[in-house]
Amino acid sequence: MPSDWHSKSLGDLLALQRGFDLPSQDRRSGPIPIMGSAGITGFHDKATTKGPGVVIGRSGVGSMGVTSFIDRDFWALNTTLFVTDFKGNDARFIYYLLSSINFRHLDSGSAQASLNRNLVYPVRVVVPPTLDEQKRIAGFLATVESRIDLLRQTNATLESIAQALFKSWFIDFDPVRAKAEGREPLGLDAATAALFPAEFEESALGVIPKGWTAGSVGDLLMLQRGFDLPAAQRTDGPFTVFAASGPHGSHHEAMVSGPGVTTGRSGVIGRVFFSHEDFWPLNTSLWVKEFKRATPAYAFQYLQTMDLKRLNAGSAVPTLNRNHVHAQPAIVPPAGLVERYTDMAMSLLHRVRVNDQHAQRLSELRDTLLPRLISGKLRLPEAQAMM
């Protein structure tokens, strides 16, 4: 501990209180965040606490000890402990301090994991000598988190652009409608606009752009069940393992070459995932084995537009049968147009990947710096130089 820092108990730094009951039937729509054990869990028209605030998950196996910061008034649920008095300390510094502590060893021992504030208060920590130093440390960590959040927000925007473009071209047929009405398609260069027809025609699936085909999903792509890989046989490596719910660890071998697309087959269905690199799809997933008219970028968007949950063939466990997916009716656009969309979408998806990698590096650096910075083992100028 630095010579000018102080050892104190958490009870010296803050006061905690258990949150308040709010049954779902009593919640009313409003602007006030409802803070549960793992963060915001909804909104209400009343607050229990003025912001800024800090909340700790009080109960639940996965959320006990999870710490959240809220910068506005909020309702603290009874599954939380929230700070009622910061005792002159910086609220955001207290958030980072609490985030650096593993509260799981303080489980009060009931049937359900639970955190008692009287067990929290005696925990010893070290703190900077001044409020200004607390604010500088908290400000630095907040800046890192802001950069991570900005990257994620940027990715959400990029992904929404790719989705909106797909919907405009292949669902709503906006460029075809524009040309049929004698207008120039909005936002398209002449070469791209020329790929769209200027009229519609009748088909077995109703009115579709002239020259396109009424077919089935099987004309676009073919799905295949994933591969067994028991947890005991996994070895951490460079290749992502995809389960029905998405990325689920890594392995030292891959079964499928990227770029590729997966979706849930058993347990969780309806979510679709894209992988730039080679990967291992688990047997709870389906992966696109053959891209026929579709490309990976096109298949990724197309499967997201399908209501895959509607095709649930299971009873107790949701199950997706690939043959049911293949048989669904689909409009098949010309290959040249699919390729043009792919060029544009892959550019967006590559930017998303770069941002994801940057955000991951920042997150790892934050997680490395936080406990050392918050305990005084690393001083702020050193942390700033590392960033």
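Refer to the structure printed above.
The model shown is predicted, which means the values in this text are computed figures rather than measured ones.

Structural notes on the overall build of the protein chain
Then comes step 1: Along its length, the protein chain carries 10 helices and 20 strands.
Then comes step 2: Dimensions of the protein chain along its principal axes, counting C-alpha atoms only, are 75 × 50 × 45 Å.
Then comes step 3: Of the contacts formed within the protein chain by residues at least 6 apart in sequence, a portion of 67% connects residues at least 24 apart.
Then comes step 4: When the accessible surface of the protein chain is summed, it comes to about 18900 Å², and 50% of that surface belongs to carbon and sulfur atoms.
Then comes step 5: Here the protein chain holds 40 positive side-chain charges and 37 negative ones, and the gap between their average locations is 5 Å.

Side note on the pattern of salt bridges
Then comes step 1: For the structure on display, the rule yields 11 salt bridges.
Then comes step 2: Put simply, arginine 366 and aspartate 367 hold a salt bridge, and the shortest N to O gap is 3.1 Å.
Then comes step 3: Owing to a relative accessible area of 18%, arginine 366 belongs among the buried residues under this scheme.
Then comes step 4: Looking at aspartate 367, the relative accessible area reads 48%, which means it is partly exposed.
Then comes step 5: Residues participating in the shared-partner salt-bridge network are Glu145, Arg366 and Asp367.

Quick word on the sheet that holds strand E16 (residues 260–264)
Then comes step 1: The strand order across the open sheet formed by four strands is E13-E19-E16-E17, and the pairing between neighbours is antiparallel. The strands lining the two open edges of the sheet, one partner per strand, are strand E13 (221–225) and strand E17 (272–275). Direction aside, the axes of adjacent strands within the sheet are offset by 35 degrees on average.
Then comes step 2: Sheet strands touched by helix H7 (residues 296–305): E13, E16, E17 and strand E19 (285–291). Its angle to E17, the strand with the most contacts, is close to 165 degrees.

Looking at the packing of H7 against helix H9 (residues 335–374)
Then comes step 1: Direction vectors running N to C along H7 and H9 enclose 85 degrees, while the axes themselves pass 8 Å from each other. Classified by the interaxial angle, the pair formed by H7 and H9 is roughly perpendicular. Residues Ala297, Tyr298, Phe300 and Gln301 of H7 pack against Val338, Tyr341, Thr342, Ala345, Met346 and Leu349 of H9.
Then comes step 2: In terms of residue class, the contact of H7 with H9 is made up of eight nonpolar, two polar and no charged.

Brief notes about the pairing of strand E4 (residues 39–44)
Then comes step 1: Taken together, the five bridges between strand E3 (residues 32–36) and E4 define a ladder with antiparallel strand orientation. Looking at E4, one finds that isoleucine 32 is bridged to histidine 44.
Then comes step 2: The turn linking E3 back onto E4 is made up of two residues.

Some thoughts on the layout of surface pockets
Then comes step 1: Size it by volume and the largest pocket reaches roughly 720 Å³.
Then comes step 2: Looking at the largest pocket, it is lined by 24 residues, and the ones nearest its centre are Glu159, Phe274, His276, Val352 and Asp356.
Then comes step 3: Mapped onto the lining of the largest pocket, the elements with two or more residues apiece are helix H4 (131–171), strand E14 (239–243), E17, H7 and H9.
Then comes step 4: Broken down by element, the residue count for the lining of the largest pocket peaks at seven residues, all from H9.
Then comes step 5: For the lining of the largest pocket, the class distribution of residues is nine nonpolar, nine polar and six charged.

Definitions and limits used
Residues numbered from 1 in each chain as written. Predicted model: local features only at pLDDT ≥ 70, side-chain atom pairs only at ≥ 80, totals over all residues. Heavy atoms only, no water. Helix = DSSP H or I, 4+ residues; strand = E, 2+ residues; numbered from the N terminus. Contact = heavy atoms within 4.5 Å. Areas by Shrake-Rupley, 256 points an atom, 1.4 Å probe, with all protein chains shown as cover. Lys, Arg positive; Asp, Glu negative; His and termini not counted. Charge placed at Lys NZ, Arg CZ, Asp CG, Glu CD. Salt bridge = Lys/Arg side-chain N within 4 Å of Asp/Glu carboxyl O. Buried < 20%, exposed > 50% of the residue type's maximum accessible area, 1.4 Å probe, protein only. Pairing = 2+ DSSP bridges. Axes fitted to C-alpha atoms, helices over the stretch in contact; angles between N-to-C directions. Parallel < 35°, antiparallel > 145°, perpendicular 65-115°, else oblique. Nonpolar A, V, L, I, M, F, W, Y, C, P; charged D, E, K, R; others polar. 1 Å grid on protein atoms, 1.4 Å probe; cavity = no way out; pocket = protein on both sides within 12 Å on 5 of 7 lines; lining within 4 Å. Points joined across faces, edges and corners; volume = space filled by probe spheres on them.

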